[in-house]
Amino acid sequence: MALENNTDNHFEPKIIAFVCNWCTYLGADLAGTNRLEYPANIRIIRLPCTGRIDFNLIVKAFEVGADAVLVSGCHPGDCHYTAGNYHARRRWILFRELLNTLGIDTRRIHFSWISAAEGAKFQKFVTKIVEDTRALGPYTDYKQLMIDN
Amino acid sequence: MSQIISSEQLLSLIRELLPTKNVIAPVQTDNGQIYFQTLKESDSPLLTEAMKAVNTIKEFFFPRHEVLYTFVRHGNDVDVIDSVPMEKEQVIFGCRPCEAASLPILDPLFAWDYQDRFFQIRREKTTVVTLACREADEHCFCSSVGGSPDNTSGSDVMLYDLGNGSFEVRVLTDKGKSLFAGKTSSSQETGSVCDTPVQKFDVDAVQNWLKDNFKNPFWDEMTYRCVGCGVCTYICPTCHCFDIVDEGSFQKGQRVKNWDSCQSALFTLHASGHNPRETQGQRQRQRIMHKFSVYPEKFDRLLCTGCGNCTRQCRTSLGIRPLLEAIQKKTEEN
Amino acid sequence: MEKQLRETAKKLLQEGTVQVVIGYGRVETGGIGAIFVTNPDNADNLVWNQECSQNLVTYLTRKEIRKLGKAAIVVKACDARAVVVLKNESQLENNDVVVIGVACPGILNHRGSGDPVLQARCETCTERLPKNVDFVIGDESVNLPPLSVEQRSRKGNYAKLAKLMAMTQEERFRFWKDEFSRCIRCYACRQSCPLCYCNQCVVDKNRPVRIDTSATLKGNFAWNILRAFHLAGRCIGCGACSEACPAGIELDLLNLTLSQVSELEFHHFSGQEPGTAPLIGTYSEGDKEDFIQ
């Protein structure tokens, strides 16, 4: 809704969310069924588990113009596949450091554990990310790479 | 009677060209390397440093990444937008004769079964100002393949460093003439070049050996230490293999042409899974034969100018010359 | 030391313990390159000096070399760690290769003019006698007292990395944009790395294309991020990638970032202990999550 009303072309952040099917996706669904409104700036991509998330996907999200990325899954100990989120967590620790060294804006990458019962947490978290990203502005650095050959 | 130009005059000629043309010369980059680059206002060209350059002028005629066309979808329609190879004219300063010589060698290839306008337009629009060599190192072997420190093939102008802040200017073509018209003054000084590199091998003997030794274990034995990185092919002024791929999304994308290397393990991998050149020895053999057997058969010239870049950059000291010297030894043994 | 090395190699070949000794030698151009000695009489071609820069372990996973038979390989302390990682990753069995470790006083850089200087990676190396090898040539006199984390951060590549991290995020991004603009996607980094041994690298896959093969900033960033990340917890800091890169890109800094995190955060020192599980293939319930909401 927010984006269709963007008649004066002010900056509306585009957020891509990689979420796990069993927890965060259901949490988002719960937010929906409870009519908890959250900004439409977020595009949700459903994966079976956070363990499936290849760091390449995060890079690709920035390549296609995302201003921020959210990665979210089941709480440790609750993973539908037992340990997928543990493996993911370890990878995230390493990947954040690598991105930091490269000068990629790590303020624009968010990680969370949101369970299927936490519809409200999903709503609050997404709203906060959209506001924070709006304040940061568009992620021109990475977008510029796509243009500069 | 000769024509000369001082360094200052040459640099101011370059600066005059900058606003309207792409001017290319060796430049030192922040990390301390020398590169042929398109000059910006702030660059100081190093006209006499071509031998240390990590790249060659090949990329200004055959870029490492070139967009062939762009496509954009609108509903059921598609717009296909052809790329324009090069809008401006181009002038290259300070390359070596062995690099300039690669251009006439590549001309028949890009005018063979397909008129490659991307290459041809760049050739038409470029003036090459070569610097004759005052030094050679142990990797140079231009003389073994028909070249020399001031071979004029492919050049529009040949400069000779007089060693005193001036250059002798020998104009070779109309393009060169119009570039330097009115910029030079008469003089009695003439330039000289370094000694011609000692001959490292006899091309005829090597070519004869290649005909009969396709299956010789020499190829595997000599190339165990090659790791297949392909740097030799990328910094070679005559290597020209490329890969055409599509990039982008369903809505918008480009068809691009990128450099490729015959030394890469998957270069000849078939869709069936069979790879006719699955060992490095086979791949190295192919490179030598392409340059010294196949290309001469097709186009009547060697696909090598003896610049020595391959061995200079190879981390295991392989490259064309060591292989051909080893072949030369083999021909002498028999 | 060269004499002992040659004798060891000769004996291994004569007894038929190995069919080939992979070591350093003088090649046709006069420089140092890898040589593959199959005849015991040629064992005297092996040399050992401070120009022996290349990491030869990359040859152990090449099929052309495997065809030669069981190999003995000459390694420095850093290279020896690559063999341990290969064994930990089930790429080599203990009796697949005979490892000849040579005590290394550090490798010198001769490129360019001026006096040779110690390579950046050697400035912070204190354990210079190879561990986990079958033969040792040389002794502990080549070892230096260990450096504390703080001391190490002021030398070699660690100092360079510290300098990079002292820049602002935008400055760092500009730095890497400059570096990667020179990348020609030759994959010399991948080919010379002992731990990049995949038969078909993910960048070579095109159904679908995961990483653009074009040498554009987009493709170059994606490629270098990918390779660095695939080496997380595995890179042994031999510097072969930086050495091989024709464009002089500071790949050491990327790999060092992850190797530092691996050490400081997870106490994982790649290649030090045989039998260690890989860093990314395992997890701990205690892994930090202060950055996770």
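Residues numbered from 1 in each chain as written. Chains lettered and ligands numbered in written order. Predicted model: local features only at pLDDT ≥ 70, side-chain atom pairs only at ≥ 80, totals over all residues.

The next subject is the overall build of chain B. A count of helical and extended segments in chain B gives 11 helices and 12 strands. Scaling as 2.2 N^0.38, a compact globule of 334 residues should have a C-alpha radius of gyration of about 20 Å, and chain B matches this with 21 Å. Dimensions of chain B, computed from C-alpha atoms along their principal axes, come out at roughly 70 × 65 × 40 Å. Sequence-distant contacts in chain B: of pairs separated by 6 or more residues, those separated by 24 or more amount to 68%. (Helix = DSSP H or I, 4+ residues; strand = E, 2+ residues; numbered from the N terminus. Rg over C-alpha atoms; globule rule 2.2 N^0.38 Å. Contact = placed C-beta atoms within 7 Å.)

Contacts between chain C and chain A engage 34 residues on the former and 32 residues on the latter. Contributions of two or more residues to the side of chain C that touches chain A are made by α6 (156-166), α7 (169-181), α9 (217-230) and α11 (251-266) of chain C. Each residue belonging to the side of chain C that touches chain A can be placed in one class, and the counts come to 21 nonpolar, 4 polar and 9 charged. (Nonpolar A, V, L, I, M, F, W, Y, C, P; charged D, E, K, R; others polar.)

Take the interface of chain B and chain C next. Counting residues at the interface gives 33 residues for chain B and 30 residues for chain C. Among the secondary structure elements, those contributing two or more residues to the side of chain B that touches chain C are α8 (231-234), β11 (242-248), β12 (252-259), α9 (280-299), α10 (309-313) and α11 (320-333) of chain B. Counted by class, the side of chain B that touches chain C contains 12 nonpolar, 13 polar and 8 charged residues.

To characterise two packed helices, one gives the angle between the axes of the helices and the distance between these axes. Residues and elements named next belong to chain C. For the pair α6 and α11, the least separation of the axes is 10 Å and the interaxial angle reads 85°. Comparing the axis directions of α6 and α11 gives the class roughly perpendicular. Counting all contacts with α6, which are made through N157, Y158, K160, L161 and L164, the residues of α11 involved are D252, L253, L256 and T257. Taken together, the residues of the contact of α6 with α11 sort by class into 5 nonpolar, 2 polar and 2 charged. (Axes fitted to C-alpha atoms, helices over the stretch in contact; angles between N-to-C directions. Parallel < 35°, antiparallel > 145°, perpendicular 65-115°, else oblique.)

Quick look at the sheet that holds strand β4 (residues 109-113) of chain A now. All names here are of chain A. Taken together, 4 strands build an open sheet; the order of strands is β2-β1-β3-β4 and the sheet is parallel. The open sheet terminates on both sides in strands that have one partner only, identified here as β2 (42-47) and β4. Put simply, the sheet's adjacent strands are angled 20° from each other on average, direction ignored. Direction of pairing for strand β3 (residues 68-73) relative to β4: parallel, over a ladder of 5 bridges. Bridge assignment links V69 to a residue of β4, and that residue is I109. (Pairing = 2+ DSSP bridges.)

All names here are of chain B. Averaged over every residue, the pLDDT of chain B is 93; residues scoring 70 or more account for 100%. The least confident element of chain B is strand β10 (residues 185-187), whose mean pLDDT is 90; the most confident is helix α3 (residues 102-106), at 97. The ipTM, which scores confidence in the relative placement of chains, is 0.90 for this predicted complex, and the corresponding pTM is 0.92. (pLDDT = per-residue confidence, 0-100.)

What follows is about the environment of C:L118. Residue and element names in this part refer to chain C. Its place among the elements puts L118 in strand β7 (residues 117-118). Sequence separation of L118 and I100 is 18 residues, and the distance between their C-alpha atoms is 23 Å. Apart from the residues within four sequence positions on either side, L118 is in contact with G106, L108 and E123.

Let's shift gears to the sheet that holds strand β5 (residues 77-82) of chain B. Residue and element names in this part refer to chain B. What the 4 strands build is an open sheet, ordered β5-β4-β12-β11; its pairing is antiparallel. Every interior strand has two partners, whereas the edge strands, β5 and β11, have only one. Strand-to-strand, the axes of this sheet are offset by a mean angle of 20°, without reference to chain direction.

The amide bond that connects C:R207 to the next residue, C:P208, takes the cis arrangement and shows omega of 0°. Structurally, C:P208 can be placed in the loop between α8 (188-192) and α9. At A:R35, a position not held by glycine, the phi torsion is positive, near 55°. Taking the number of C-beta atoms within 10 Å as the measure of exposure, A:R35 has 7 and is therefore exposed. Phi at C:Y187 takes a positive value of approximately 65°, unusual for a residue other than glycine. Relative to the elements of secondary structure, C:Y187 occurs in the loop between α7 and α8. Residue C:Y187 is classed as buried on the basis of its 26 C-beta neighbours within 10 Å. (Buried ≥ 20, exposed ≤ 12 C-beta atoms within 10 Å, placed from the backbone.)

Here the focus is the pairing of β3(A). Residues and elements named next belong to chain A. The buried fraction of β3 amounts to 6 of the 6 residues, a majority that puts the element mostly inside the structure. Burial of the side chains of β3 extends over both faces: A68, L70 and S72 are buried on one face and V69, V71 and G73 on the other. Across 5 bridges, the pairing between strand β1 (residues 15-20) and β3 is parallel. Across the sheet, the residue bridging to I16 is V69, located in β3. Each parallel crossover has a hand, and for β3 linked through helix α3 (residues 84-102) to β4 it is right-handed. (Right-handed = clockwise from strand over helix to strand, strands pointing away.)

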